Amino acid sequence: MVDDTSKQAFVHAAGAGGAWAAVLTYGRHRREVQGGEPGAPADRMALTAVVAGLECLTRPTVVEVRVHSDYVRGGGEGGLWDRLRAATRQHEVSWAWSGDYPELTVAQDLVRAAEEPVAAAEEPTPPAQEQADAQEPDEAGTSLEDFVEALGEHVANDPDAPDPAELVELAEEMVEDEHRAVVAIGRREITFEQIGAVAVPPEIAAQARTGWRVLLSAALVEGNWYLLDVAAG
């Protein structure tokens, strides 16, 4: 393990019932990712936070994962555990199971802030309100197809995006027509598994949901991922 912490990444992961968050730091760089799964137990959310944080690292990295969860320490089989093992194989990972870290407190605060709307969504809805809701569009989310359509239009028509042909020519790494799940959502970015963050407008990020699988092509140029094409997974 390196002694110079400016050359080491840290993943601070936290989860509670229905919500998770991770704060990543690398030298002076800092990034927050979060998501949720209504009804999911705290253990699963803590594991999801760790996996999502590690999957944000697009290159082999010396990283310390800081998480207060005996469940994550225990290990398991299938699903998220397979993703965790795949992510840890790509990096030099150490673990901190206890400790008082400011960034971990931030992650826990993000989780607590996300818990309230999740809990509210799980409260029983009066029959009269159910009828009213059925007549109104869902303002909180869209379908996968709607999201992919909006993302596809952005990819095809973004005037600030580099020329796709140049991206392909300069690409350090390519993903072509592969299914990748959304693992984290920021205000202006979406993180896909085994790729990393892709910059998008806030209105498109707001439509995304973790777990959605998207058929995509992408190019890595100068450390940044760019989408070339997307379709529903």
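Calculation criteria
- Residues numbered from 1 in each chain as written.
- Predicted model: local features only at pLDDT ≥ 70, side-chain atom pairs only at ≥ 80, totals over all residues.
- Heavy atoms only, no water.
- Helix = DSSP H or I, 4+ residues; strand = E, 2+ residues; numbered from the N terminus.
- Buried < 20%, exposed > 50% of the residue type's maximum accessible area, 1.4 Å probe, protein only.
- Phe/Tyr/Trp six-rings, centres within 6.5 Å; stacked < 30°, edge-to-face > 60°.
- Polar contact = N/O pair within 3.5 Å; in protein donor to acceptor, adjacent residues only side chain to side chain.
- Arc of directions from axis to C-beta.
- Contact = heavy atoms within 4.5 Å.
- Salt bridge = Lys/Arg side-chain N within 4 Å of Asp/Glu carboxyl O.
- pLDDT = per-residue confidence, 0-100.
- Core = buried A, V, L, I, M, F, W, Y, C linked by side-chain atoms within 4.5 Å.

A short note on unusual backbone geometry
Here Asp-177, not a glycine, exhibits a phi torsion of approximately 50°, which is positive. Mapped onto the elements, Asp-177 comes out in strand S6 (residues 173-185). For Asp-177, a relative accessible area of 55% corresponds to the exposed category.

Comments concerning the environment of Val-230
Relative to the elements of secondary structure, Val-230 occurs in strand S10 (residues 224-232). A residue is classified by how much of its surface remains accessible, and Val-230, at 11% relative accessible area, is buried. Between the alpha carbons of Val-230 and Asp-177 there is a distance of 8.2 Å; along the sequence they are 53 residues apart.

Some details on the packing of aromatic side chains
What the rule picks out here adds up to three aromatic pairs. Residues Tyr-71 and Trp-81 carry aromatic rings whose centres are separated by 5.3 Å and whose planes lie at 55° to one another, so their mutual orientation is tilted. Here Tyr-71 is found in helix H2 (residues 70-74), whereas its partner Trp-81 is found in helix H3 (residues 80-89), with 10 residues between them in sequence. On the basis of relative accessible area, Tyr-71 is assigned to the partly exposed category, the value being 33%. Take Trp-81: its relative accessible area is 8%, and that puts it in the buried class. Ring centres of Phe-147 and Trp-212 lie 5.6 Å apart, and the angle between their planes is 40°; on these two criteria the pair is classed as tilted.

Here we look at the environment of Asp-163
Its location among the elements puts Asp-163 in the loop between helix H6 (144-157) and helix H7 (164-170). Taking the C-alpha atoms as reference, Asp-163 lies 9.6 Å from Leu-228; in sequence the two are 65 residues apart. At a separation of 3.0 Å, a polar atom in the side chain of Asp-163 contacts the main-chain amide nitrogen of Ala-165.

A look at H3
Taken residue by residue, H3 has Leu-80, Trp-81, Leu-84 and Ala-87 as its buried positions. The arc that holds every buried residue of H3, seen down its axis, measures 125°, which confines them to one face. Its buried side turned inward, H3 meets helix H1 (42-55), H2 and strand S5 (92-96).

Section: the pattern of salt bridges
For the coordinates displayed, the defined rule picks out 12 salt bridges. Where Asp-109 meets Arg-112, a salt bridge forms, and the shortest distance between an N and an O atom there is 2.4 Å. Taken together, the residues Asp-109 and Arg-112, both in helix H4 (residues 102-122) and three residues apart, mark about one turn of the helix. Judged by its relative accessible area of 46%, Arg-112 falls in the partly exposed class. A salt bridge links Arg-213 to Glu-193; the nearest nitrogen and oxygen atoms lie 3.2 Å apart. Here Arg-213 is found in strand S9 (residues 213-221), whereas its partner Glu-193 is found in the loop between strand S7 (189-192) and strand S8 (196-199), with 20 residues between them in sequence. Taking the relative accessible area as the measure of exposure, Arg-213 reaches 39% and is therefore partly exposed.

Topic: the confidence of the model for the protein
Of the residues in the protein, 85% reach a pLDDT of 70 or more, and the chain-wide mean stands at 82. Below pLDDT 50 for its whole length, residues 117-140 participates in seven contacts with residues either more than four positions away or in separate chains.

Re the nonpolar core
Core analysis: the largest hydrophobic core is formed by 28 residues, its most contacted members being Val-50 and Leu-54. Elements supplying a minimum of two residues to this core: strand S1 (9-16), strand S2 (19-26), H1, strand S4 (62-67), H3 and S6. Top contributing element to this core by residue count: H1, with eight residues. Beyond its immediate chain neighbours, meaning those up to four positions away, Leu-54 contacts Val-11, Val-63, Val-65, Leu-84, Ala-87, Thr-88 and His-91. One finds Val-148, Ala-205, Val-214 and Trp-225 within the second-largest nonpolar core, a separate group that totals 23 residues.

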